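Spelled out, the chains give:
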Amino acid sequence: MMLFAPAETEPADISASLTRIVAGQSGTGVLTLPLSLPDAGPAVSDHEDNQPLALTAVPRKDFLLSRSPETGTEIGATGEKLTLTINSGDTLDSLFGRHNLSRADLMAVLELSDARSMLRDIKPGDRFEVTHSDGILQSLERRVNETTTVRVLRGEQGFVLQKIDHPIESRLAYRHGTINSSLFEAGKQANVADKVIMNLAGIFAWDIDFVLDIRDGDRFVVIYEEIWQEGELLRDGEIQAAEFINDGESYRALRYVDSSGKADYYTPDGHSVRKAFIRAPVDFSRVSSRFNPRRRHPILNVVRAHKGVDYAAPSGTQVKAAGDGKVIHRGRKGGYGNAIILQHGGNITTLYGHLSRFARQARVGRRVKQGQVIGYVGKTGLATAPHLHYEYRLNGVHRNPRTVSLPKAAPIAEDQREAFFQQTGGLLAQLDTVRRSQVAIAAIP
Ligand SMILES: [Zn+2]
């Protein structure tokens, strides 16, 4: 599946190319013709002014006006408005009974084609909006899913069912930021949600230690989907392309969906961003929110001649396996306190010390996956404050896990290369454009 049209030329204007990319995108959103909705104009209210109905007290007189899809004539519902909320054990029938609503009307509604499947499948928490006059059903409405509302209205020839579509639309957001206090702070200034920032850090977790390596002046560019509906941002979608410039070194990643539908991130030359080890085996979000690169280490502000890396973090912060491996030690180990040692391929071991407790799955002899939680930060052993002590050894010799060079992941399969470059070429050009605009902005005094 091809998600993006390749850019033939470098886009001169971001918004123009955005339009082109969204237009070329397939498989997102549900775009169907909306039925006529009652707009603000013809709604009749018993108020003299034009106050929105939502401001009136509940229960209230209300009026729904719509056009019958079959006849085109206007049909309406007037009456008392009720919200029925499904609780455990409720059926529509029991709810109608409890509110003295006509069960004969309910039966008639459920006779409508489509109505049964769209109204019968209910679960606790579901809500139905009802209007009625002395129990006589005038309208029944339910949001059946993110993109559809079903509305049943009483018409001259009985009930009429309408489906109202709420189309969703995917747009690309282009954001860039410069770090001068913390990554999350830079995200806020760039109008990027914390979750996107965390995903961004996740994409580069194999190259950058986001706890200890982030510097003032580090920059990022991120291009990600935003899911919009009826003029409102519903949620952020996947990051499509990203660049992180750490201490002057640029790292780039592009999202690619392969022919089997599997999505992953790759460098522009087609290598997976994944490597055998992540740089910082500690839950980044809990740590970095406290992290200020302008300040020296708040707790462990001492020079130590020790062979590991310390990550100050609140007690209970998740500690993750840096790579796939097997647990060869779990328990007390001298000054390390509660420690876990993992054996990896290539005669590499990693050690995680001062843990408050262990994850249940991390037992001696068990295999663990990269990123799997193996324990929790504590201050057992020789530690005065909660922190993770992390060591990386190759053939028994300590290496600095933050800088040790890791073998590149295998390149993308030969038969995927053409599709990869075609799919990601446009994104790469976009990254360049945003980066240039960032430089231009930075150059303005
Ligand atoms: Zn240490």
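Cut-offs and rules
- Each residue is numbered by its place in its chain's sequence as written, counting from 1.
- Since the coordinates come from a predicted model, pLDDT governs what is reported: local features require at least 70, and pairs of side-chain atoms require 80 or more to be given and counted, while whole-chain, interface and lining totals use all residues.
- Hydrogen atoms and water are omitted, and side-chain values are computed over all heavy atoms in the structure.
- For the purposes of this entry, the term helix denotes a DSSP run of H or I that reaches at least four residues, the term strand denotes a run of E that reaches at least two, and both are numbered from the N terminus.
- Accessibility here uses a 1.4 Å probe with only protein chains present; expressed as a share of the type maximum, an area under 20% marks a residue as buried, one over 50% as exposed, and anything in between as partly exposed.
- Contacts are assigned to residue pairs with any non-hydrogen atoms lying within 4.5 Å of each other.
- Per-residue and other accessible areas were derived by the Shrake-Rupley procedure at a 1.4 Å probe size, with only the shown protein chains allowed to occlude residues.
- Any two rings among Phe, Tyr and Trp, with Trp reduced to its six-membered ring, count as a pair given centres within 6.5 Å; such a pair is stacked if its planes are under 30 degrees apart, edge-to-face if over 60, and tilted if neither.
- Each reported salt bridge corresponds to a side-chain nitrogen of Lys or Arg within 4 Å of a carboxyl oxygen of Asp or Glu.
- As used in this record, nonpolar core signifies buried Ala, Val, Leu, Ile, Met, Phe, Trp, Tyr and Cys residues forming a set joined through side-chain atoms within 4.5 Å.
- Segmentation of the chain into domains, including their bounds, is taken from an automatic or database domain assignment.
- Strand pairing is assigned whenever DSSP detects at least two bridges linking the two strands.
- For helices, the fitted axis covers only the stretch in contact; all axes are lines through C-alpha atoms, and the angles between them, taken along N-to-C directions, range from 0 to 180 degrees.
- Note that the arc is computed from the directions linking the helix axis to the C-beta atoms.

Engineer: Would you mind going over the overall build of the chain in detail, with residue names and values included?
Structural biologist: Assigned secondary structure in the chain consists of eight helices and 20 strands. With 445 residues in all, the chain has 46% of them scored as buried. Considering only contacts within the chain whose residues lie at least 6 apart along the sequence, 63% involve residues at least 24 apart. For the chain, the computed accessible surface area is about 22500 Å², with 51% contributed by carbon and sulfur atoms.

Engineer: Provide a residue-level description of the packing of aromatic side chains, including the pertinent values.
Structural biologist: We describe a pair of aromatic rings using the distance from one ring centre to the other and the angle between the two ring planes. One pass over the structure, following the stated rule, counts eight aromatic pairs. Seen in terms of ring centroids, Phe 210 and Phe 244 are 5.1 Å apart; in terms of plane orientation they differ by 80°. Their pairing is edge-to-face. Residue Phe 210 is located in the loop between helix H6 (194-203) and strand S8 (219-229), and its partner Phe 244 is located in strand S9 (residues 232-246); the two are separated by 34 residues in the primary sequence. Judged by relative accessible area, Phe 244 falls into the buried class, the value being 0%. Considering the side-chain rings of Phe 277 and Tyr 392, the 5.1 Å spacing of their centres and the 75° angle between planes classify their relative orientation as edge-to-face. Pair noted here: Phe 277 is in the loop between strand S11 (263-266) and helix H7 (284-288) and Tyr 392 is in strand S19 (residues 387-394), with a separation of 115 residues, a long-range link. The exposure class of Phe 277 is buried, given its relative accessible area of 6%.

Engineer: Summarise the pattern of salt bridges; cite the residues concerned and give the values.
Structural biologist: Across all of its chains, the model carries 18 salt bridges by this definition. In this structure, Arg 103 engages Asp 93 in a salt bridge whose closest nitrogen and oxygen atoms are separated by 3.3 Å. On the criterion of sequence distance, the pair formed by Arg 103 in helix H3 (residues 103-111) and Asp 93 in helix H2 (residues 92-98) is long-range, its members being ten residues apart. In this structure, Asp 105 engages Arg 154 in a salt bridge whose closest nitrogen and oxygen atoms are separated by 2.9 Å. Of this pair, Asp 105 sits in helix H3 while Arg 154 is found in strand S5 (residues 148-155), placing the two residues 49 residues apart along the sequence.

Engineer: Hey, could you go over the nonpolar core for me, with residue numbers and the actual values?
Structural biologist: Judged by nonpolar contacts, the single largest core of 56 residues is most densely connected at Phe 204, Phe 220 and Phe 244. Looking at this core element by element, the count peaks at five residues for H6. When residues of this core are assigned to domains, at least three map to each of domain 1 (1-29 + 167-275 + 409-445) and domain 3 (284-399). By size, the runner-up hydrophobic cluster in this structure holds 21 residues, among which are Leu 101, Leu 110, Met 118 and Leu 161.

Engineer: Give a description of the environment of Val 196 that names residues and reports values.
Structural biologist: As for its placement among the helices and strands, Val 196 is situated in helix H6. By relative accessible area, which is 2% here, Val 196 ends up buried. Through-space distance from the C-alpha of Val 196 to that of Asp 236 is 7.5 Å; in sequence the pair is 40 residues apart. Excluding its chain neighbours within four sequence positions, the residues that come into contact with Val 196 are Val 222, Tyr 224, Asp 236 and Ile 239.

Engineer: Which residues make up the environment of Arg 219, and what values go with them?
Structural biologist: In this structure, Arg 219 sits in strand S8. For the pair Arg 219 and Glu 243, spaced 24 residues apart in sequence, the C-alpha to C-alpha distance is 8.1 Å.

Engineer: Describe the sheet that holds strand S7 (residues 168-178), listing the residues and the values that go with them.
Structural biologist: Sheet strands line up and pair through hydrogen bonds in the backbone, either parallel or antiparallel. Taken in spatial order, the five strands of this open sheet run S7-S8-S9-S10-S11, and their pairing is antiparallel. This sheet does not close on itself; its edge strands, each paired only once, are S7 and S11. When strand polarity is set aside, the average angle formed by the axes of neighbouring strands in this sheet is 25°. Across six bridges, S9 lies against strand S10 (residues 249-257) in antiparallel orientation. Bridge pairing in S10 places Ile 245 opposite Ser 250.

Engineer: For the pairing of strand S15 (residues 338-344), give the residues involved together with the corresponding values.
Structural biologist: Counting buried residues in S15 gives six out of seven residues, a clear majority hidden from the surface. Looking at chain direction, strand S14 (residues 325-332) and S15 are connected through six bridges and run antiparallel. Bridging across to S15, Val 327 finds its partner in Leu 342. The turn linking S14 back onto S15 is made up of five residues, and Gly 334 within it adopts a positive phi angle of 50°. Pairing analysis gives six bridges linking S15 to strand S16 (residues 348-358), with the strands arranged antiparallel. When the sheet's bridge partners are listed, His 344 is paired in S16 with Ile 348. Counted along the chain from S15 to the antiparallel partner S16, the turn is three residues long, and its residue Gly 346 has a positive phi close to 70°.

Engineer: Got a sec to walk through unusual backbone geometry? Specific residues and values, please.
Structural biologist: Trans peptide bonds make up the majority, and among non-glycine residues the majority have a negative phi. Look at His 354: it is not a glycine, yet its phi comes out positive at around 70°. Relative to the elements of secondary structure, His 354 occurs in strand S16. In this structure, Asn 395 takes a positive phi of about 50° despite not being glycine. Relative to the helices and strands, Asn 395 is located in the loop between S19 and strand S20 (397-399).

Engineer: Can you tell me about H6, naming the residues and giving the values?
Structural biologist: Along H6, the residues that are buried comprise Val 196, Ile 197, Leu 200, Ala 201 and Ile 203. End-on, the buried residues of H6 take up no more than an arc of 155°, which puts them together on one face.

That is the geometry; function is a separate question.
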